[in-house]
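This is what each chain is made of:
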Amino acid sequence: MLLLLRNIAAYVICAIASVAIVRWLQSSVVEDVLLPNLTTIVLALLAINVQTTAVVAVKLREISDKSWYKFSKSISEFRVAFYEQAGLFVLSMALSAVFKSTVFAIDALDLWS
């Protein structure tokens, strides 16, 4: 649990630093590129993660068959990574809906003004 909180804190710090850099550069890349493609980017990363996990799982299975070692901790970490990225996908869908909503007329970079 502590590792998960540490990861979330690192994500938040990176996000704040990214927003600060974009504001300092007065760039509109977040509104022009990132927000319209956020769900696609997160879904592509999820697909890459699942494929990589499948390749690693096959190799772990081969090692397990040869050495009788059970990789239960690795398997549980794969599950955590999958659930984490699935949650990020749901969050990106929700954020996309909020930013495209006419009810919440929010300018992404004005949140930090």
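Residues numbered from 1 in each chain as written. Predicted model: local features only at pLDDT ≥ 70, side-chain atom pairs only at ≥ 80, totals over all residues. Heavy atoms only, no water.

Asks: What's the story with the overall build of the protein in this structure? I'm lost.
Replies: Of regular secondary structure, the protein possesses three helices and zero strands. Moving toward the C terminus, one meets the helices and strands of the protein in the order α-α-α. On C-alpha atoms alone, the protein measures out to a radius of gyration of 19 Å, which is more than a quarter above the 13 Å that the 2.2 N^0.38 rule sets for 113 residues. Dimensions of the protein, computed from the C-alpha atoms along their principal axes, are close to 60 × 25 × 25 Å. Buried residues in the protein amount to 14% of all 113 residues. Taking the contacts inside the protein whose residues are at least 6 apart along the sequence as the reference set, 68% of them involve residues at least 24 apart. Charge centroids of the protein, computed over 9 positive and 8 negative side chains, lie 15 Å from each other. (Helix = DSSP H or I, 4+ residues; strand = E, 2+ residues; numbered from the N terminus. Rg over C-alpha atoms; globule rule 2.2 N^0.38 Å. Buried < 20%, exposed > 50% of the residue type's maximum accessible area, 1.4 Å probe, protein only. Contact = heavy atoms within 4.5 Å. Lys, Arg positive; Asp, Glu negative; His and termini not counted. Charge placed at Lys NZ, Arg CZ, Asp CG, Glu CD.)

Asks: Help me understand a nonpolar patch on the surface, please; the structure alone is not making it clear to me.
Replies: A surface patch of nonpolar side chains, amounting to about 690 Å² of accessible area, comprises M1, L4, L5, I8, Y11, V12 and I16. Following the sequence through the fold, I16 ends up in helix α1 (residues 2–25). (Patch = residues over 30% accessible without salt bridge, like charges linked within 9 Å, V, L, I, M, F, W, Y side chains within 5 Å. Areas by Shrake-Rupley, 256 points an atom, 1.4 Å probe, with all protein chains shown as cover. Salt bridge = Lys/Arg side-chain N within 4 Å of Asp/Glu carboxyl O.)

Asks: What is the right way to read unusual backbone geometry from this model?
Replies: The bulk of non-glycine residues show a negative phi, and the bulk of peptide bonds are trans. Despite not being glycine, Q26 has its phi angle at roughly 55°, a positive value. In this fold, Q26 is placed in the loop between α1 and α2 (29–67). Q26 sits in the exposed class, given a relative accessible area of 72%. With phi around 65°, W68 is a residue other than glycine that occupies positive phi space. Structurally, W68 is set in the loop between α2 and α3 (72–99). Take W68: its relative accessible area is 68%, and that puts it in the exposed class.

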